[in-house]
Amino acid sequence: MIKYKNIKNAHIKSDLIYRDLYETSIKDSDLFWKKISNRVDWFMKPKKISDVDFKTAKIKWFQDGQINASYNCLDRHINNGYGDKVALIWEGNNPDHDKKFTYKQLLCEVSKFANVLKSHNIKKGDRVCIYMQMIPELTIAMLACARIGAIHSIVFGAFSSDSLRDRINDLNCKVVITQDSGVRGTKIDIPMKCNVDKVIKNSECVQKVFVVKRTDFKIHMKNQFDFWWHKEMNCASNICEPEIMNSEDPLFILYTSGSTGTPKGVLHTTGGYIVYSSYTHEIIFDYQPDDIYWCTADIGWITGHSYIVYGPLSNRATTVMYEGVPNYPDFGRFWQIIQKHKVNIFYTAPTALRALMKEGNAYVEKWDRSSLKLLGSVGETIKKPEWEWYYKIVGEEKCPIVDTWWQTETGGILISPLAATTKLKPGSATKPFFGINPVILNEKGEEIKENPAEGLLAIKNSWPGQMRTVYGNHDRFFDTYFSQFSGYYFTGDGAKRDKDGYYWITGRVDDVLNVSGHRLGTAEIEGAIGQYKDVAEAAIVGFPHEIKGEGIYAYVTLMTGIKPNLKIEEGIINKVREVIGPHANIDKIQFSIGLPKTRSGKIMRRILRKIAHNKLNDLGDISTLADPTIVEQLIKYRK
Ligand code: WTA
């Protein structure tokens, strides 16, 4: 058992307490969540706790309660006398560049921008697209939307203009908030406003664009359409009453990739989400009042929403937000920031650890990390080598690692160790959090009750942070998560449960890739490849990649008469980067005269996956293929 520095003050001090509370949370879930819901301030306390039916995908929590998320992240701490506490530490791309905002200062900025939005006629329920890099105005814009009840939809700053366009149009966003250009590592002038310009040229919904000046990059500002953030803020009042929201009013929408079709707009509502993100943040990271907490994720993903902004700020935490990358100016940047701000809790992803581990220990050891008490991991399974390195080198064997399993859809962490009590097993996300009842199902949808078990990971009950619907398409919500196994939320992940009841996530069982902790749908990438003029057909599978965890392997068939060459290969790679974004970078392309298909024309991805993984002795039955000779060809020219 790891010696945990904070064991005396830990929120959950013993395994007995965990087991007791866990049992209560499952047995009398409503009573449990009723108590927990008191941790936030309600304008009207809820009497109804849950109203859930997985058979129709109806999920409601605290539905007669009234609340405002920004009030809970700001005003109430000031009212309680903590206005001068630092809420946000922003660390810029360059090591000498930072800013701090106290709770009072943050409320002032948020209120001003909320008033700017109001003065431009943005109202409760309107959708606002935020397309920014990691600058403080991103957090301010989110909380300003929450303050007036507008629904924010953040598009990760690396997404291309095509992806941005789809997301804006799907929601009919009235405004876009962006910055002139972005700065990350050695990259300066990442086009942000220019990308927005491309999108809104023919947009039927966007009426206005707000632009933060981050660099001196020259951009075109259109009169009466584009507005500088700083100019608007200059004349805005710093008082803005928070809108009274019903608990089930939407707070935000965030797109995520699924196994089929276009990305889904995952919708989270207000009361349940804020209760769940706040509770999990405090308990799982064992947050204590003076801790400095840093999550390295980008706010453009769910991890940033829940564990940079809403969770920490609703807990009156000091949260660090970093604009840059792990390897700039060198591979020691993370550890330098930990020393500089005396970070106590550090939450990152295995892909970053793998990239840093490769560069040797000297980059870590150069900096003082004695402030650290707890380390966290998210995005994919943290495997033994990086777990050991994180534990021994980064944490000097003093910090437990919480391997947190969750999803965009779950709003917050569902399976994770608790720092002071869980005996860790590297590679296992360990035990369910309070109120979460995971099960392992077999292919028929039957629960495997005994241990050990291996199969599909589903959740048997609801929790307040669960997504409520796919924006504009409730049927898709039902079909994706509740139709396969009636009465369960199906996660799309496979898992094992060992003899001690620990969960080990084995990865996606659907056609979703996890590239550097980013979710990418195979259908999305195939669609983008299909836009390249010479392509007849394409199929994507993942393969093990040293740094990214999973790399992208593309099988491509060209139009009759076209011969593959380097130019076409580059063209395809660039096309996908252009349509989706640079994080969707194809690692290997194999040209082929055809793809393995059943007689009914369905691509047998199983075979393609085996070839990409070099598991050639294990191809299974190929006799059902329309043309089995294709397989020989694919093996022969394997990349
Ligand atoms: C994977 C990120 C193993 C999983 C918060 C899940 C993990 C998908 C872990 C969700 C973990 C996330 N161990 N796998 N600790 N955390 N995953 O929506 O496959 O970007 O379904 O949410 O990431 O990715 P998403």
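These numbers were taken from a predicted model, which means no experiment stands behind them. (Residues numbered from 1 in each chain as written. Predicted model: local features only at pLDDT ≥ 70, side-chain atom pairs only at ≥ 80, totals over all residues. Heavy atoms only, no water.)

> So what about the pairing of strand β16 (residues 292-295)? Which residues, and what values?
Taking every second residue as pointing to the same face, both faces of β16 are buried, with Ile292 and Trp294 on one and Tyr293 and Cys295 on the other. Where β16 and strand β17 (residues 318-322) come together, 3 bridges link them in parallel fashion. Each residue of the ladder has a partner; that of tryptophan 294, found in β17, is valine 320. Once the chain exits β16 it traverses helix α11 (residues 302-314) before rejoining the sheet at β17, and the crossover so formed is right-handed. With 3 bridges joining them, β16 and strand β18 (residues 345-348) adopt parallel strand pairing. Its bridge partner being in β18, tryptophan 294 is matched across the sheet by phenylalanine 346. (Buried < 20%, exposed > 50% of the residue type's maximum accessible area, 1.4 Å probe, protein only. Helix = DSSP H or I, 4+ residues; strand = E, 2+ residues; numbered from the N terminus. Pairing = 2+ DSSP bridges. Right-handed = clockwise from strand over helix to strand, strands pointing away.)

> Hey, could you go over the site of the ligand for me, with residue numbers and the actual values?
Taken together, 17 residues are adjacent to the ligand, and Asp403, Thr404, Thr408, Asp493 and Arg519 come closest. Separating a nitrogen atom of the ligand from a backbone N or O atom of glutamate 380 is a distance of 3.4 Å. Taking 520 Å² as the accessible area of the ligand by itself, protein coverage stands at 96%. Looking at the shell around the ligand, the elements with two or more residues in it are α11, β20 (401-404) and β25 (503-508). Here the shell around the ligand is built from residues that sort into 5 nonpolar, 7 polar and 5 charged. (Near = heavy atom within 4 Å. Polar contact = N/O pair within 3.5 Å; in protein donor to acceptor, adjacent residues only side chain to side chain. Areas by Shrake-Rupley, 256 points an atom, 1.4 Å probe, with all protein chains shown as cover. Nonpolar A, V, L, I, M, F, W, Y, C, P; charged D, E, K, R; others polar.)

> Hey, could you go over the pattern of salt bridges for me, with residue numbers and the actual values?
One pass over the structure, following the stated rule, counts 42 salt bridges. Across the salt bridge formed by aspartate 498 and lysine 425, the nearest N and O atoms sit 2.7 Å from each other. Taken together, the residues aspartate 498 in the loop between β24 (489-497) and β25 and lysine 425 in the loop between β20 and β21 (438-441) connect sequence positions 73 residues apart. Like lysine 425, aspartate 498 is buried. Residue aspartate 534 pairs with lysine 533 through a salt bridge whose shortest N-O separation is 3.8 Å. (Salt bridge = Lys/Arg side-chain N within 4 Å of Asp/Glu carboxyl O.)

> Report on the packing of helix α7 (residues 161-171) against helix α8 (residues 193-200), specifying residues and quantitative values.
Relative to each other, α7 and α8 sit at 55°, their axes nearing to 9 Å. As judged from the angle between their axes, α7 and α8 are oblique. In terms of crossing hand, the pair formed by α7 and α8 is right-handed. Contact residues: α7 offers Ser161, Leu164, Arg165 and Ile168, while α8 offers Asn195, Val196, Lys198 and Val199. (Axes fitted to C-alpha atoms, helices over the stretch in contact; angles between N-to-C directions. Parallel < 35°, antiparallel > 145°, perpendicular 65-115°, else oblique. Left-handed = near helix turned anticlockwise from the far one by under 90°. Contact = heavy atoms within 4.5 Å.)

> Hey, could you go over the side chain of serine 203 for me, with residue numbers and the actual values?
Topologically, serine 203 is positioned in the loop between α8 and β11 (208-212). For serine 203, a relative accessible area of 18% corresponds to the buried category. At 3.0 Å, the side chain of serine 203 and the backbone nitrogen of valine 206 are in polar contact.

> Help me get a handle on a nonpolar patch on the surface, residues and values and all.
A cluster of nonpolar side chains, Phe43, Met44 and Ile244, forms an exposed patch at the surface whose accessible area comes to about 260 Å². Residue position: isoleucine 244 is located in the loop between α9 (229-234) and β13 (245-246). Judged by relative accessible area, which is 44%, isoleucine 244 ranks as partly exposed. (Patch = residues over 30% accessible without salt bridge, like charges linked within 9 Å, V, L, I, M, F, W, Y side chains within 5 Å.)

> Break down the nonpolar core for me, citing the residues and quoting the values.
In terms of nonpolar packing, the biggest core is built from 116 residues, with Trp33, Leu106, Phe113, Ile177, Tyr310 and Phe434 touching the most fellow members. The element that contributes the greatest number of residues to this core is helix α6 (residues 136-148), accounting for 9 residues. (Core = buried A, V, L, I, M, F, W, Y, C linked by side-chain atoms within 4.5 Å.)

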